[in-house]
Protein chains: 2
Amino acid sequence: MNLRDIGEFGFIKRISRGCLIRPHNVIKAIGDDAAAFIPAPGQVILVTTDLLVERIHFLREATSGFNLGYKALSVNLSDIAAMGGIAREAFISIAVPENCSIEYLEDLYNGIKTLAAEFDVNLLGGDTTRSKADLTINVSLVGYAFEKEILYRNTAQHGDIICTTGFLGDSRAGLYLIINDIKADSNELKALLNAHLLPKPYLREGRFLARQGGVRAVIDVSDGLSSDIGHIAEESNVGIRLYSAKIPVSNNLIKFCAWFDFDPVEYALAGGEDYTLLYTISPDKADHVAADYLKRFRNPLYQIGEITDSGKMELILSNGRIRSFTPSGWDHFKYE
Amino acid sequence: MNLRDIGEFGFIKRISRGCLIRPHNVIKAIGDDAAAFIPAPGQVILVTTDLLVERIHFLREATSGFNLGYKALSVNLSDIAAMGGIAREAFISIAVPENCSIEYLEDLYNGIKTLAAEFDVNLLGGDTTRSKADLTINVSLVGYAFEKEILYRNTAQHGDIICTTGFLGDSRAGLYLIINDIKADSNELKALLNAHLLPKPYLREGRFLARQGGVRAVIDVSDGLSSDIGHIAEESNVGIRLYSAKIPVSNNLIKFCAWFDFDPVEYALAGGEDYTLLYTISPDKADHVAADYLKRFRNPLYQIGEITDSGKMELILSNGRIRSFTPSGWDHFKYE
């Protein structure tokens, strides 16, 4: 069964159950010309939007509907996390090719709804249409933040410590498996695949960082460490020094790199879609915040370098040598 | 030159001039993980989103970039108009195939910006990526309204007069010219083509109606008169009686129908993408509001029927006969 059989309106009826999980601020949900809701008092509105296109961002034959829906929302949640905000209302636009079944679409909405419920996000609307070729999903997400707590990219200062909330490079390794049609037949490879397919949004962690004194610039690692730290450098007008030995790589990635003959640090630098938070923090606050974070989330924060006034992007290798690096993230050439 | 030559970030730099035309409420525009802005005090937030897909909603070879951008924003403005709201912040996601030039894209953004400036709308963000096949544009639009003035679809009452703000069917005639590759070589055909390519958003008119007593259900005519009045009927749980002789059709459409042997009323009923407002109003207010509207906008309101308690959708023909009709709008099969 596909969209032509039940029509746009029939499909909307099918998927609109379970979309409204926090009704108290909502005046009009799915079903009118626009959604209407009451903003949180005293807060600033955040809006982000991400477009996922088949054969550019995902291969449908290698991705379940559930995983695709989960990821489509997750990458937007990650943007709100990187602003220090709270995610609230999501809007899903979807263009569906003839050969995409209703079952795949329902699975996709289940992926979205599962993650939305975890983070108390309503699905308040969207647009459903057909396409001639590729499945295409746009998510727009509205969130809130207190103006004084918003986290930007352009506020890093000379002397700040650069930190990240999790491993880097795993997602790119998962992508390598998909592109090269390699079966994930070990626990290590399965974990890498999941890092790519089901990225965790660091929303609670972003809120935590937003409330700490000393946290300065924040971005989520979507394009890759080298590219995203490059955004902070360029927009804050500062230099970057990273320490190769401090960049957190998982044991799974180390094994993967041994098997396929790659360098884990290269993978972490040039990877992408990790969706960890990358931030800079005043050096006198870094250890204290890391200790509180560990207590709260039972995960460490990783200090990987510092902000300099050199204007350069430098990587200090294990042997003490200095290598300059440039942003080499994907710029959306991923599945090509 | 295409997107590959200058990259996603290069393109964003090129098009980000002229996006912020009302900076006073904006904390962060294009360039961070999310946009941040201050909501209008005491007002409800409206959000709408529309996805336009090549070969489904438009043919690139038959549409200039300017017209496509203009229409992509206009259809969203129309949704805010149909809620009685004020449009404020727009977010543009775009997936660009290899064979689409940067010049076409810049023209597209010029179309968006021209209309945005007319209605005081900021472009605050979006997403730019590539696609393997079709040019795809999603616009998400944030607006505001006073809660007591919001106009819904499900509030029509027995006895209401059904009205529309403009001609119906012109856009579908323009579409017919495009699909059948007919050159618009007369003023009449050019006007019909423009009705399809550059639809007017009735935002000021929607605000006007929202402030009048007695205006009840409102929808914009996107799927076609029969389909959109069907939405009002279904969601308000009422019947519909339309008078064939009262449905406003332009002289251009009458000539077109004479030339190509169509029935103008059929065109108006089953058309789509007119983007006029269709509303119901208490009968004791209808004439007074129409007189004020004429004074203010120098255009008439057209009374085309009434809301009944029959549960049926009826069309009264010129000879007095009654024909029942069903929603026969497009449900997004347009260019197929």
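Residues numbered from 1 in each chain as written. Chains lettered and ligands numbered in written order. Predicted model: local features only at pLDDT ≥ 70, side-chain atom pairs only at ≥ 80, totals over all residues.

> I'm lost on the packing of helix H2 (residues 65–81) of chain A against helix H3 (residues 102–118) of chain A in this one. Help?
The packing of two helices is summarised by the inter-axis angle and the distance between the axes. All names here are of chain A. Following both chains from N to C, one finds H2 and H3 inclined at 45°, their axes separated by 6 Å at the closest point. One finds that H2 runs oblique with respect to H3. For the pair H2 and H3, the crossing hand works out as right-handed. Contact residues: H2 offers Gly65, Phe66, Asn67, Leu68, Gly69, Tyr70, Ala72, Leu73 and Ser74, while H3 offers Tyr104, Leu105, Asp107, Leu108, Tyr109, Asn110, Gly111, Ile112, Thr114, Leu115 and Ala116. A breakdown of the residues in the contact of H2 with H3 according to their chemical character gives 12 nonpolar, 7 polar and 1 charged. (Axes fitted to C-alpha atoms, helices over the stretch in contact; angles between N-to-C directions. Helix = DSSP H or I, 4+ residues; strand = E, 2+ residues; numbered from the N terminus. Parallel < 35°, antiparallel > 145°, perpendicular 65-115°, else oblique. Left-handed = near helix turned anticlockwise from the far one by under 90°. Contact = placed C-beta atoms within 7 Å. Nonpolar A, V, L, I, M, F, W, Y, C, P; charged D, E, K, R; others polar.)

> Looking at this structure, how should I read H3 of chain A?
Because an α-helix packs 3.6 residues into every turn, residues spaced three or four apart end up facing the same way. Residues and elements named next belong to chain A. The end-to-end C-alpha distance of H3, which contains 17 residues, comes to 24 Å, matching closely the 24 Å that a straight helix rising 1.5 Å per residue would cover. By the burial criterion, the buried members of H3 are Leu105, Leu108, Tyr109, Gly111, Ile112, Lys113, Leu115 and Ala116. In this fold, the buried residues of H3 make contact with helix H1 (3–15), H2, strand S4 (86–97) and strand S5 (122–131). Two residues or fewer past H3, Asp120 is found with a positive phi of approximately 60°. (Expected span 1.5 Å × (residues − 1). Buried ≥ 20, exposed ≤ 12 C-beta atoms within 10 Å, placed from the backbone.)

> Can you walk me through the relation of the copies chain B and chain A in this structure?
Superposition of the two copies of the chain requires a rotation about an axis together with a shift along that axis. Superposing chain B onto chain A takes a rotation of 180° combined with a translation of 0.0 Å along the rotation axis, leaving an RMSD of 0.0 Å. Both chain copies can therefore be described as sitting about a two-fold axis. Comparing interface residues between copies, 100% of those in chain B also lie at the interface in chain A; the contact surface is shared. (Least-squares fit on C-alpha atoms with pLDDT ≥ 70 in both.)

> Help me understand the sheet that holds strand S1 (residues 26–28) of chain B in this model?
In any sheet, the strands associate via hydrogen bonds between backbone groups, in a parallel or an antiparallel arrangement. The strand order across the open sheet formed by 6 strands is S5(A)-S4(A)-S6(A)-S3(A)-S2(B)-S1(B), and the pairing between neighbours is mixed. At either end of the open sheet lies a strand with only one pairing partner, and these are S5 of chain A together with S1 of chain B. Averaged over all pairs of adjacent strands, the angle between their axes in this sheet comes to 20°, without regard to strand direction. Note that S1 of chain B and strand S2 (residues 35–37) of chain B share 2 bridges and pair antiparallel. Looking at S2 of chain B, one finds that Lys28 of chain B is bridged to Ala36 of chain B. On the sheet, H1 of chain A packs against S4 and S5 of chain A and is oriented at approximately 155° with respect to S5 of chain A. (Pairing = 2+ DSSP bridges.)

> Teacher, can you tell me more about helix H8 (residues 251–260) of chain B here?
All names here are of chain B. Among all positions in H8, only Asn252, Leu253 and Phe256 are buried. Burial along H8 is one-sided: seen end-on, the buried residues are contained in an arc of 95°. More than 90 degrees from the buried face of H8, the exposed residues found are Asn251 and Ala258. Where H8 is buried, its residues contact helix H4 (170–179), helix H5 (187–197) and helix H9 (264–270). Asp261 lies just past H8 and shows a positive phi near 65°. (Arc of directions from axis to C-beta.)

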